[in-house]
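# Fold and contact review
So you can see what is in the structure, the chains are spelled out below.
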Amino acid sequence: MSQSDFIIIGVSVGLALVILLASLAFFGIRWYEKHAHLRRCANERSVTTLPIRMNGLDTSTDFSASLSISIASGASENHQKNSPFNWRSHQNKEWLASASGIPRYSYKDIQKATQNFTTLIGQGSFGPVYKAVMATGEIVAVKALASDSKQGEKEFQTEVSLLGRLHHRNLVNLVGCCVDKGQHMLIYEFMSNGSLANLLYNEKERVLDWEERLQIALDISHGIEYLHEGAVPPVIHRDLKSANILLDGTMRAKVADFGLSKEEVFDGRNSGLKGTYGYIDPAYISTNKFTTKSDIYSFGVIIFELITAIHPHQNLMEYIDLASMSADGVDEILDKRLVGKCNPNEVRRLANIGHRCLHKLQRKRPLIGEVSRAILKIKERRLVKNDEASFARSDISRTVSLIEDHQVELSNMASMMERD
Ligand SMILES: Nc1ncnc2c1ncn2[C@@H]1O[C@H](COP(=O)(O)OP(=O)(O)OP(=O)(O)O)[C@@H](O)[C@H]1O
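These numbers were taken from a predicted model, which means no experiment stands behind them.

For the rest of this paragraph, the subject is the sheet that holds strand β8 (residues 183-189). Whenever strands of a sheet pair, they do so through backbone hydrogen bonds, lying parallel or antiparallel. Strand order in the open sheet formed by five strands is β4-β5-β6-β8-β7, and the pairing between neighbours is antiparallel. Each edge of the open sheet carries a strand with a single partner, namely β4 (120-123) and β7 (174-180). Neighbour-to-neighbour, the strand axes of the sheet open up by a mean angle of 25°, direction not taken into account. Pairing of β7 with β8, which is carried by six bridges, proceeds in the antiparallel orientation. In the strand pairing of β8, Gly176 is matched with Ile187.

Here we come to the pattern of salt bridges. In this structure the tally under the stated criterion is nine salt bridges. Across the salt bridge formed by Arg365 and Asp281, the nearest N and O atoms sit 2.7 Å from each other. Of this pair, Arg365 sits in the loop between α12 (344-357) and α13 (368-419) while Asp281 is found in the loop between β13 (269-274) and α8 (282-287), placing the two residues 84 residues apart along the sequence. We classify Arg365 as buried; its relative accessible area is 2%. Put simply, Arg348 and Asp331 hold a salt bridge, and the shortest N to O gap is 2.7 Å. Note that Arg348 is positioned in helix α12 and Asp331 in helix α11 (residues 330-333), a separation of 17 residues in sequence.

All right, on to the pairing of strand β6 (residues 139-144) then. The buried fraction of β6 amounts to five of the six residues, a majority that puts the element mostly inside the structure. Inspection of the sheet shows strand β5 (residues 128-133) paired to β6 by five bridges, in the antiparallel sense. Among the inter-strand pairings, Ala132 is bridged to a residue of β6, identified as Val140. Hairpin connection of β5 to β6: five residues between the antiparallel strands, including Gly137 at a positive phi of 95°. In terms of strand pairing, β6 meets β8 through five bridges, oriented antiparallel. For Val140, the partnering residue across the bridge sits in β8 and is Glu189.

As a matter of local geometry, the ligand sits amid 19 residues, with Ser125, Lys143, Glu189, Met191 and Asn244 nearest to it. Between an oxygen atom of the ligand and a side-chain N or O atom of Ser125, the distance comes to 2.9 Å. Burial of the ligand by the surrounding chains reaches 84%, relative to a free accessible area of 610 Å². For the shell around the ligand, the secondary-structure elements that each account for two or more residues are β4, β6 and β8. Residue classes in the shell around the ligand are distributed as eight nonpolar, six polar and five charged.

In total, this model carries three aromatic pairs according to the counting rule given. Residues Tyr107 and Phe117 carry aromatic rings whose centres are separated by 5.6 Å and whose planes lie at 35° to one another, so their mutual orientation is tilted. Note that Tyr107 is positioned in helix α4 (residues 107-113) and Phe117 in the loop between α4 and β4, a separation of ten residues in sequence. The class for Tyr107 is buried, based on a relative accessible area of 18%.

In a regular helix each residue adds 1.5 Å, so 21 residues correspond to 30 Å; helix α7 (residues 210-230) covers 28 Å between its end C-alpha atoms and thus fits that length. Counting buried positions over the 21 residues of α7 gives 16, a clear majority of the element. The N-capping residue of α7, defined by a side-chain oxygen 3.2 Å from the backbone nitrogen of Glu211, is Asp209.

Scoring rules and cut-offs
Residues numbered from 1 in each chain as written. Predicted model: local features only at pLDDT ≥ 70, side-chain atom pairs only at ≥ 80, totals over all residues. Heavy atoms only, no water. Pairing = 2+ DSSP bridges. Helix = DSSP H or I, 4+ residues; strand = E, 2+ residues; numbered from the N terminus. Axes fitted to C-alpha atoms, helices over the stretch in contact; angles between N-to-C directions. Salt bridge = Lys/Arg side-chain N within 4 Å of Asp/Glu carboxyl O. Buried < 20%, exposed > 50% of the residue type's maximum accessible area, 1.4 Å probe, protein only. Near = heavy atom within 4 Å. Polar contact = N/O pair within 3.5 Å; in protein donor to acceptor, adjacent residues only side chain to side chain. Areas by Shrake-Rupley, 256 points an atom, 1.4 Å probe, with all protein chains shown as cover. Nonpolar A, V, L, I, M, F, W, Y, C, P; charged D, E, K, R; others polar. Phe/Tyr/Trp six-rings, centres within 6.5 Å; stacked < 30°, edge-to-face > 60°. Expected span 1.5 Å × (residues − 1).

Shown next as structure tokens:
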């Protein structure tokens, strides 16, 4: 090999090495940039999908399990006490409202909108509820936290954090809040037809017909479906009951009272269990584990309230057990005011869904998506039947008009023959 060959080989190897090093450097930089970008995206995503923070402390440490609305546990209470961002501090209140994206109103705004708090429409465990007309003309409901309510303070915080990110047509929307002059108030869209409990049990109210009840069941189911399967992380309501279902001016139902579940006293002792007597999943009472299937149980109770108009405090469970003994057992417990005014097959189908929701084993209860589909099917069957009926009706009218045409032709022919 000549010297020039060595030079050529040397230069080639050198060039190849330079190209290799340059490529390595290029791909190295690209790889680093890509990963840095992914890390940035992941951080942004964790902020948007896990936006619930308590007292300035991120509560999103373990969201592998469903987030319950009563996240204000003893542990978080300790955080509250120890945190430099104690929620009572002014800065944190500002942060809470602005971070949740909920508009904040001053005490004066609310005072004016409620005509100096003279428009009382109800009283809950959270405090009084007022009807209000905001400066924009929007009609709203204002829940004022009773100043002596410790439980309410936690619930207020949960409600603002949670509802700031939850929006669905079957959830009562939080449209604002007020943290001013030592007062805490939640502002909701106004539900002019009040609660389902009032409509079912107040004799002064008009009777809800079967179609309305079926639609209400479907609306509630869609609201829960959004909480369990649409929200990230999933949300368990924990206090589903007919008093927490509100109806708007067109009788569409929405689920209300997130974060407002209260502790119930059992057997005279504070058991620490959350929810309302008559609606609580018995499996939760024995295991202390509240899952989405516990909400399903409470919804099962509401389904039977819709069918029977019997309140859970009036032995509803015993009636349900009786009804479960035969396929048409539910006919016996159907709201008297609906007898002869609804399709018994539809009632039985809805009762069947209710029974499945009330199964004593949580794992045997359906998921909410399945419940929604089953209720929708009842409504769809009716539509198909109506279509068939109208189709049959249109068939008859077509036949009648054909006969009429033939009659006209025959009489024409007869008159022609007469003429001939
Ligand atoms: N957004 C709203 N629009 C119209 N009325 C409302 C609204 N929210 C609550 N109300 C009415 O105010 C009353 C009290 O409601 P609130 O949710 O405070 O208590 P509750 O659900 O009845 O009971 P608890 O607090 O014990 O669960 C109810 O009669 C309800 O009909």
